[in-house]
Amino acid sequence: MKGVVLSLMVMLVFSGYALAEGPAPTPKLDSGDTAWLLISTALVFLMTVPGLALFYGGLAKKKDVLNTLAMSLTSYALVSVLWVLYGYSLAFNEDVSGVIGKTTKFLLSGVGMESLNNTIPEFLFVAFQLTFAAITVALISGSFIERIKFSAWIVFAVLWFTLVYVPVAHWVWGGGFLAKLGALDFAGGTVVHINAGIAGLVGALFLGKRKEPYLKPHNLTLVALGTGLLWFGWIGFNAGSAVASNSLAAIALLNTNTATAVAALTWLFTEWVFSGKPTVLGFCSGAVAGLVAITPAAGFVNVSGSIIIGLLAGFVPYFMIAKVKPALGYDDALDVFGIHGVAGIIGAFLTGILADPSVNPTGKGLLFGNPSQLWIQLLSVVVVLIYDLLVTAIILLGIKVTMGLRSYEEEEIAGLDLSHHGERAYDLE
Amino acid sequence: MKKITAIVKPFKLDEVKEALVKVGIGGMTVTEVKGFGEQRGQTEIYRGQELKVDFLPKLKIEVVVRDEQVDAVVEALLKSAYTGKIGDGKIFISPVEEVIRIRTKERGERAV
């Protein structure tokens, strides 16, 4: 057993894994890599603040827009603090039994001005990963809008980040057991999107349906703005996950752009055919689905692969949302599962099929003679899904029986902006 | 004195205003309202789900006139607010008990 683990670790260290985890063999700081990652960190920050905030805000009903924004904003701020407190250490420090990182880097103790992660300062790696953790938490709020109690959201955000995001990040990126198994997730299809998608679905079930359980976007122009910021910021999310300023980052950027454009158009045309009209919301939704699906694949597939991914990402989530969700009757208000969960799963599997070793030697998919990769992807998805589902359910149950999860009916009807925040978003006639 | 209330299509506002000024009204009040009559609403669609919106935006125009002006004002309204399509609106006429001008305290027909 020890021999197997040891040889796997050796393979891992020399495989030049796309996302560096923990202490690295190359000790020299590269200013090109560092500059790019500094920018990428800023780009991914923008995805949450205000990208996702506005994307979700515009989709919410007018009386709930501020509360919707608040959940994204507080996610970012809370995770910012908790990440440096303990999140980074538990996710990315030296591995303990494949399950979690050592606690020795709490408050970044031991991380100094000379500390490196491969070719970038470790502090930068901390900051870059922080932005990923933050947006994952923020994504979940889309399922909860218009009815969750604000105080319950804050408690949920802290607990979910600690008990779900941090361990999963360690397993896939931090040298944990899923990394050791060879699961491919370039920028966070599983760690971020499937994770958030499942949590959103579970939350929607625990919260129950809204009094007005339909999508009535109060400002689609904000949604379009948010989509633009997300697409722009995702360049940092995917291309930045090369953790280097090189051709891998370049192909990740190109793949991201291609898959997203294809997905946006696919959703637009699918909707045109099946619902009768091409909507702006459809274009934006398709774009986001494409961005999600290409996330695990961006640094592993070639451009043809990104087109295939885009096609499926624009097509399948549309049917999930337009047909399956209403049939099953759950109120995943902003389709966190329908888009992030489903497109994330599609992306994870397609990565296992389409990973092209000429793009990234650490990733070889079924089409290139490695059918076992698909099974590894499946295992990785299933493990995260089950863990996420169970722990999220426990967290929500705990909140429900102690402090309560949902707003009162009068609060929901009046709108959470007024009820929870005492604010009105618009003072127009 | 009579109050004439007209519910009209919003894009007709300028035409109606010109027509009423021409027949000599002293002023008017316009409110943005929602409503439906024979004209049913629209269907919007978001992520594949249809949202029926029964109410349509309309404008409510109110003018208070002397009894002898009523016919001319109604004529002007009927001409300017008309399109011939469903949803053109309605005109309501009701009696007014008193009219007072705030600035000068004038009452009755002199205040209209």
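See the structure shown above.
Everything quoted here is computed from the prediction, not taken from an experiment.

A. Up close: the packing of helix H2 (residues 31-59) of chain A against helix H3 (residues 65-92) of chain A. Residues and elements named next belong to chain A. The interhelical angle for the contact between H2 and H3, taken along N-to-C directions, is 160 degrees, at an axis separation of 8 Å. Comparing the axis directions of H2 and H3 gives the class roughly antiparallel. Note on packing geometry: the crossing formed by H2 with H3 is right-handed. For the pair formed by H2 and H3, the contact residues are Phe-45, Thr-48, Val-49, Leu-52, Ala-53, Leu-54, Tyr-56 and Gly-57 on the first element and Val-65, Thr-68, Leu-69, Ser-72, Leu-73 and Tyr-76 on the second. In terms of residue class, the contact of H2 with H3 is made up of 10 nonpolar, four polar and no charged.

B. Structural view of the nonpolar core. In this structure, Trp-83, Trp-153, Phe-156, Trp-160, Phe-161, Tyr-165 and Phe-237 of chain A are the most contacted members of the largest nonpolar core, which totals 124 residues. Ignoring any residue separated from it by four or fewer positions in sequence, one finds Phe-156 of chain A in contact with Ile-140, Phe-144, Thr-392, Ile-395, Leu-396 and Ile-399 of chain A.

C. Local environment of a positive patch on the surface. Taken together, Lys-62, Lys-216 and Arg-424 of chain A together with Lys-34 of chain B make up a surface patch of like positive charges. If you trace the backbone, Lys-34 of chain B turns up in strand S2 (residues 29-35). The exposure class of Lys-34 of chain B is exposed, given its relative accessible area of 64%.

D. Expanded view of a nonpolar patch on the surface. Residue and element names in this part refer to chain A. Taken together, Leu-265, Phe-269, Trp-272, Val-273, Phe-274, Phe-283, Ile-308, Leu-312, Phe-315 and Val-316 make up a surface patch of nonpolar side chains, about 890 Å² in accessible area. When residues of the nonpolar patch are traced back to their parent elements, those giving at least two are helix H9 (247-275) and helix H11 (303-328). Structurally, the position occupied by Phe-269 is in helix H9. Overall, the relative accessible area of 45% leaves Phe-269 in the partly exposed class.

Calculation rules
Throughout this document, residue positions are counted from 1 along each chain, in the order its sequence is written. For naming, the first written chain is A and the first written ligand is 1, with later ones following in the order written. Local features in this predicted model are restricted to residues of pLDDT 70 or higher, and side-chain atom pairs are both shown and tallied only at a pLDDT of 80 or more, whereas totals for entire chains, interfaces and linings draw on every residue. Only hydrogens and water are removed before side-chain values are computed, so all heavy atoms of the structure are retained for them. Between N-to-C directions, angles cover 0 to 180 degrees, with each direction set by a line fitted to C-alpha atoms, over the stretch in contact for helices. Only DSSP runs of H or I covering at least 4 residues are called helices, and only runs of E covering at least 2 are called strands; the numbering of each starts at the N terminus. Note that the term roughly parallel is reserved for angles under 35 degrees, roughly antiparallel for angles over 145, roughly perpendicular for angles of 65 to 115, and oblique for everything else. Crossings are classed by handedness, with left-handed meaning an anticlockwise turn of the near helix from the far one by less than a right angle and right-handed meaning a clockwise turn. Every residue pair with non-hydrogen atoms within 4.5 Å of one another is taken to be in contact. Classification used: nonpolar for Ala, Val, Leu, Ile, Met, Phe, Trp, Tyr, Cys and Pro, charged for Asp, Glu, Lys and Arg, polar for all others including Gly. Residues belong to one nonpolar core when they are buried, are Ala, Val, Leu, Ile, Met, Phe, Trp, Tyr or Cys, and are joined through side-chain atoms within 4.5 Å. Between buried and exposed lies partly exposed: a residue is buried under 20% and exposed over 50% of the maximum accessible area for its type, with that area taken using a 1.4 Å probe on protein chains only. Within the patch definition used here, like charges are joined within 9 Å and nonpolar side chains (Val, Leu, Ile, Met, Phe, Trp, Tyr) within 5 Å, considering only residues with over 30% relative accessible area and no salt bridge. A 1.4 Å probe and the Shrake-Rupley method give the accessible areas. Residues count as covered only by the protein chains that appear here. Salt bridges are counted wherever a side-chain nitrogen of Lys or Arg sits within 4 Å of a carboxyl oxygen of Asp or Glu. The sign given to each residue is positive for Lys and Arg and negative for Asp and Glu; His and the chain ends receive no count. By convention, charge coordinates are those of NZ in Lys, CZ in Arg, CG in Asp, or CD in Glu.

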